[in-house]
Amino acid sequence: MTVGPLHQTALDPDEAWGVNLEIPCACGGKLRLGDKKCKGCKAKNSFPRLLKKRKRIERWMDRRIQSGVAPKLDRAQLFLESARKYDVVLREVVRRPFPRHQKKEDLNRFMRRVVSFFPSMFKSTSPKQMALGITDLVKRSSAGMARTAWKECEKILDGVTGKPASGSQGHLLGEQAERVATDLLNTGKPYLEALKTLQLAHTRMVTAYGPVKEIFSRHHQSGGTQGLWNKARLKFRPVGERLRLPTAIWKNPAEHEDLKRFDAQLGKFMEQIRWFFDQTGKLQARHNVQMNTYKLSLRKHLVYGLAQRIGTTAKPPERLMLVKRVLSQKGIGSLPWRWFFGIR
């Protein structure tokens, strides 16, 4: 049997229900969990009563997984949340790739804002930094998801049977976390490849910024005759669509070309960002598929855990009471049966 509540998908449904488990009888003999009677003493086995309600029990577990376990697994998955936050940052950059000059704002004060804007923007939009952070996110996410899955499954089984597990599964968490980490990396592989493509445009943009940083940083004259001449130069020789300069700040044609080159690379990065926007949605879709697989696995894990607690962990006299506790759950046993025979 595969280790861990999140990796039981391949487990045969009948095997998950423990029909082949051998359990002790009160007479000292052995019988399978799915047998109706002991061959030795002919004593009735109460577990087949649950097998008759198999579909109802599975639906009952699915509801608890959907409402309780799955949301907590989503919160423990930090990779997707980080991708969403990165998407927000990129959208803000597309909305405002260059600071807006305020009316009556001093030119040199504005350029100081420009100089401080770009290093911050380069860092926050860096695909390389995002990719490097994913390694740590996967490690933390896998550990959190493995721990959450074990904890929540044990809580459900404790509640439905009224019989807490005698042993801890803590020693299996490491192996479960490794499997989850592999799943997360497989799910995120296309996203990481897209980050590499985006990084190429980001690198070219940062490289093009080098020559214009000095132009932005120096003192600029905005008043007098020179100021009027600079505004005229900008009108007849604009820099580009993204660098919304209030006036011409270049001294020679070479500097003008540097500004135009930076504007062009900034535009190409914006185009790559728009292409990249779909990647977060595709990552979400792959995550949804993985979560559906986990939900199926969780159900099989819960069913197998129920079979173990009733069949192999409980003593023969306890089994009937445990079976009645399960049948007494709302949504499993019928309403009349729960009224007259259920355990409250």
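Heads up: the structure comes first, above all this text.
Residues numbered from 1 in each chain as written. Predicted model: local features only at pLDDT ≥ 70, side-chain atom pairs only at ≥ 80, totals over all residues. Heavy atoms only, no water.

1. A few points about the nonpolar core
Counting 92 residues, the largest nonpolar core has Leu-50, Phe-118, Tyr-191, Phe-216 and Phe-262 as its most contacted members. Looking at this core, the element that brings in the most residues is helix 9 (residues 253–313), giving 18 residues. Dropping the residues within four chain positions of it, Tyr-191 is found in contact with Phe-79, Ala-83, Tyr-86, Met-130, Ile-134, Phe-276, Gln-279, Thr-280, Leu-283 and Arg-286. (Core = buried A, V, L, I, M, F, W, Y, C linked by side-chain atoms within 4.5 Å. Buried < 20%, exposed > 50% of the residue type's maximum accessible area, 1.4 Å probe, protein only. Helix = DSSP H or I, 4+ residues; strand = E, 2+ residues; numbered from the N terminus. Contact = heavy atoms within 4.5 Å.)

2. Some thoughts on the packing of aromatic side chains
For the structure on display, the rule yields 16 aromatic pairs. Pairing Trp-275 with Phe-276 gives two aromatic rings, centres 6.4 Å apart and planes at 55°, and the pair type is tilted. Overall, the relative accessible area of 38% leaves Trp-275 in the partly exposed class. For Phe-276, a relative accessible area of 1% puts it in the buried group. In this structure an aromatic cluster arises from ring pairing among Phe-98, Phe-110, Phe-117, Phe-118, Phe-122, Tyr-209, Phe-216 and Phe-262. A cation over an aromatic ring shows up here: Arg-91 above the ring of Phe-277, its NZ or CZ 3.9 Å from the ring centre. (Phe/Tyr/Trp six-rings, centres within 6.5 Å; stacked < 30°, edge-to-face > 60°. Lys NZ or Arg CZ within 6 Å of the ring centre and 35° of its normal.)

3. Comments concerning the packing of helix 3 (residues 54–76) against helix 6 (residues 127–161)
When two helices pack together, their arrangement is given by the angle between their axes and by how far apart the axes lie. The geometry of helix 3 relative to helix 6 is characterised by a closest axis approach of 9 Å and an angle of 155° between their N-to-C directions. With respect to their mutual orientation, helix 3 and helix 6 come out roughly antiparallel. In this structure, helix 3 crosses over helix 6, and the sense of that crossing is right-handed. Between helix 3, through Trp-60, Arg-64, Val-69, Lys-72, Leu-73 and Ala-76, and helix 6, the contact on the second element is made entirely by Ser-141, Gly-144, Met-145, Thr-148, Ala-149, Glu-152, Lys-155, Ile-156 and Val-160. The class makeup of the residues in the contact of helix 3 with helix 6 is eight nonpolar, three polar and four charged. (Axes fitted to C-alpha atoms, helices over the stretch in contact; angles between N-to-C directions. Parallel < 35°, antiparallel > 145°, perpendicular 65-115°, else oblique. Left-handed = near helix turned anticlockwise from the far one by under 90°. Nonpolar A, V, L, I, M, F, W, Y, C, P; charged D, E, K, R; others polar.)

4. Let's talk about unusual backbone geometry
A positive phi angle is found at Lys-42, which is not glycine, with a value near 65°. Positionally, Lys-42 belongs in the loop between strand 2 (30–32) and helix 2 (48–52). Owing to a relative accessible area of 56%, Lys-42 belongs among the exposed residues under this scheme. Residues other than glycine seldom take positive phi values, yet Lys-104 does so here, at roughly 65°. Summarising the element assignment, Lys-104 is placed in the loop between helix 4 (78–95) and helix 5 (107–124). On the accessibility criterion, Lys-104 (80% relative accessible area) is exposed.

5. Quick word on helix 3
One turn of an α-helix holds 3.6 residues; hence residues three or four places apart share an orientation. The end-to-end C-alpha distance of helix 3, which contains 23 residues, comes to 31 Å, matching closely the 33 Å that a straight helix rising 1.5 Å per residue would cover. Along its length, helix 3 reaches its greatest deviation from straightness, about 45°, at Ile-65. Residues of helix 3 that are buried include every one of Arg-54, Ile-57, Glu-58, Trp-60, Met-61, Ile-65, Val-69, Ala-70, Leu-73 and Ala-76, and no others. As for helix 3, its buried residues are in contact with helix 1 (13–16), helix 2, helix 4, helix 6, helix 9 and helix 10 (316–327). (Expected span 1.5 Å × (residues − 1). Bend = angle between axes of the 7 residues up to and from the residue.)

6. Focus on the pattern of salt bridges
Close approach of charged atoms lets side chains of opposite charge pair. If you walk through the whole model with that rule in mind, you get 20 salt bridges. Between Glu-152 and Lys-72 there is a salt bridge, with the nearest N and O atoms lying 3.2 Å from each other. One end of the pair, Glu-152, is in helix 6; the other, Lys-72, is in helix 3, with 80 residues separating them in the sequence. Using a relative accessible area of 9% as the deciding quantity, one classes Glu-152 as buried. By relative accessible area, Lys-72 is classed as partly exposed at 29%. We note a salt bridge from Asp-263 to Arg-242, for which the minimum N-O separation is 3.3 Å. Of the two residues, Asp-263 sits in helix 9 while Arg-242 sits in the loop between helix 8 (224–236) and helix 9, which places them 21 residues apart along the sequence. Judged by relative accessible area, which is 4%, Asp-263 ranks as buried. (Salt bridge = Lys/Arg side-chain N within 4 Å of Asp/Glu carboxyl O.)

7. Quick notes on the side chain of Gln-8
With respect to the element layout, Gln-8 can be found in the segment before helix 1. A relative accessible area of 2% places Gln-8 in the buried class.

8. A closer look at the side chain of Gln-265
Looking at the element boundaries, Gln-265 is found in helix 9. In contact with Gln-265, other than residues within four places in its own chain, are Arg-204, Met-205 and Ala-208.

9. As for the environment of Arg-75
Note on placement: Arg-75 falls in helix 3. A relative accessible area of 58% means that Arg-75 is categorised as exposed. On a C-alpha basis, the gap between Arg-75 and Arg-59 in space is 24 Å, while along the polypeptide they are 16 residues apart.

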